[in-house]
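Summary of the model geometry
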Amino acid sequence: MDLSYTPEEEEFRARLKEWLGKVLPALPEKPSPDDWPGRRAYDLGWQRMLHDAGYAHVHWDASPTIRMIFLEETEKAGAPYVGANFVGLLHAGPTVAAEGTPEQRARWLPPILRGDEVWCQGFSEPDAGSDLAALRTRAWRDGDDYVVSGSKIWTSHAEVADWCELLVRTDPQAPRHQGISWLAMPMDAEGITVRPLRTLAGSAEFAEVFLDEVRVPVANRVGAENDGWRVTMVTLSFERGTAFVGEVVACRRVLGELARTARENGRWDDPALRRRLGRLGAEFRALWRLTQWNVSEAEASGGVPGVGGSVFKLRYSHARQELYDTAAEVLGPESLDLDRPWVLDRLSSLSYTIAAGTSQIQRNIVAERILGLPKGR
């Protein structure tokens, strides 16, 4: 394991920082959080800028270390987050790059990189809970198409998406992990109904999606029929591996801001709060080292993050919640003011122990795949 950077990687970092310093001051103002067409246009516009400058490739056509440096430096510089491009750039795109055919890579990857198309994630279902393999959305073959019926929930960015990475059951008689397929579904296909969901934080980046005999070409299947669970593990390895790099950087920045605010408003006099801030500082330093370790492991294994991503995701989810609970302590009564910094972040942090695989699921993965413990009966 090597956590150091090569001269070429440091050169990439320096060049990226110089470019960010030039372009960020000239960016237009971000649209309102409720203006999803405006947010889509803003996010795609930023992606086109990255593409034209030669940085769009980093999410899958670059080493994991270069990807980590990119996410680290863009977050430090305050660059726009991937936003509506989240699923395409960090989930679906890397999966297609790793598992797709040459034709599929040629069709779907360039539009994501150019900022032409948005993807959403159709994994979770209302009746499956945290057990993704319990999905019931059915797809049966009809000539060159699959006919898909069912429903999905917590579908990220469905209201503005062009494509959906969709998990379906193609063999209901097979053991549940063996009868699943991974499809790319066009969101303008007939039979799709999208109903946005408003979260506790007041945002609506998720939606319910209802599928009524939607026809999806068999050519849009990534991987073999009924091999979708394995392909899904590739998707989730990216989601739990390098996708949170920028967020760790952001949390470390927030921690410093919390310490400054506590000194200004007198909360710093509380020794218990100081100890908590210090422990969180150590926690996020350790998480950053774990991120580097996971990236180093991915370098050695062909670019796909390993199960170490589950260790990271498990601890990071709880650390983020602890961070924003501490922010509430620093703010005191002002933590009830939605216009104050960190308040909405605290509400959104509640979802992190559920999103991208619940903490219970991550513990099972760690126990079975890393520690070698037997599966529960």
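Before reading further, recall that the structure is shown in the block above.
Quick summary incoming for the structure in this document.

1. Quick notes on the side chain of Arg-13
In this structure, Arg-13 sits in helix α1 (residues 7–23). Take Arg-13: its relative accessible area is 10%, and that puts it in the buried class. Of the polar contacts made by the side chain of Arg-13, one reaches the side chain of Glu-10; its length is 3.2 Å. Residues within four places of Arg-13 in sequence aside, it is in contact with Tyr-5, Ile-69, Glu-72 and Glu-73.

2. Structural notes on the side chain of Asn-85
One can find Asn-85 in the loop between α3 (64–76) and α4 (86–99). Given the relative accessible area of 4%, Asn-85 is considered buried. Not counting chain neighbours up to four residues away, the residues in contact with Asn-85 comprise Asp-43, Leu-44, Gln-47, Leu-90, Glu-117 and Val-118.

3. Re unusual backbone geometry
Of note in this structure, Trp-154 is not a glycine but carries a positive phi near 55°. The topology assignment puts Trp-154 in the loop between β3 (145–152) and β4 (163–169). The phi dihedral of His-157 is positive, around 65°, even though this residue is not glycine.

4. Quick word on α1
In this model, α1 (17 residues) spans 25 Å end to end at C-alpha, consistent with the 24 Å of a helix rising 1.5 Å per residue. Within α1, burial applies to Glu-9, Phe-12, Arg-13, Leu-16, Trp-19, Leu-20 and Val-23. The buried residues of α1 all sit within an arc of 135° when viewed along its axis, so they share a single face. Turned more than 90 degrees away from the buried face of α1 sit Pro-7, Gly-21 and Lys-22, all of them exposed.

5. Section: the environment of Glu-8
Within the element layout of this structure, Glu-8 appears in helix α1. Glu-8 gets classed as exposed once you look at its relative accessible area, which sits at 57%. It is 9.6 Å that separates the C-alpha atoms of Glu-8 and Ile-66, two residues lying 58 residues apart in sequence.

6. Topic: helix α5 (residues 102–114)
An ideal rise of 1.5 Å per residue puts 18 Å on 13 residues; α5 measures up with 18 Å between its terminal C-alpha atoms. Among the residues making up α5, those that are buried are Gln-104, Trp-108, Leu-109, Pro-111, Ile-112 and Leu-113. Directly beyond the C-terminal end of α5, a positive phi value near 80° is found at Gly-115.

7. So, the pairing of strand β5 (residues 180–186)
For a regular strand, the rule is simple: side chains alternate between the two faces of the sheet. Buried residues dominate β5, accounting for 7 of its 7 residues. Judged by which residues are buried, β5 turns out to be covered on both faces: Ile-180, Trp-182, Ala-184 and Pro-186 on one side and Ser-181, Leu-183 and Met-185 on the other are all buried. Where β4 and β5 come together, 7 bridges link them in antiparallel fashion. Opposite Glu-165, over in β5, you have Ala-184 as the bridge partner. Here β5 runs beside strand β8 (residues 221–222); their pairing, made up of 2 bridges, is antiparallel. Within β8, the position partnered with Leu-183 by the bridge is Arg-221.

8. Focus: the state of the cysteines
Taken as a whole and assessed by the stated rule, the structure comprises 0 disulfides. Cys-120 forms no disulfide, and the closest cysteine sulfur to it belongs to Cys-164, at a distance of 3.7 Å. A residue is classified by how much of its surface remains accessible, and Cys-164, at 2% relative accessible area, is buried.

The rules we used
Residues numbered from 1 in each chain as written. Predicted model: local features only at pLDDT ≥ 70, side-chain atom pairs only at ≥ 80, totals over all residues. Heavy atoms only, no water. Helix = DSSP H or I, 4+ residues; strand = E, 2+ residues; numbered from the N terminus. Buried < 20%, exposed > 50% of the residue type's maximum accessible area, 1.4 Å probe, protein only. Polar contact = N/O pair within 3.5 Å; in protein donor to acceptor, adjacent residues only side chain to side chain. Contact = heavy atoms within 4.5 Å. Expected span 1.5 Å × (residues − 1). Arc of directions from axis to C-beta. Pairing = 2+ DSSP bridges. Disulfide = S-S within 2.5 Å.

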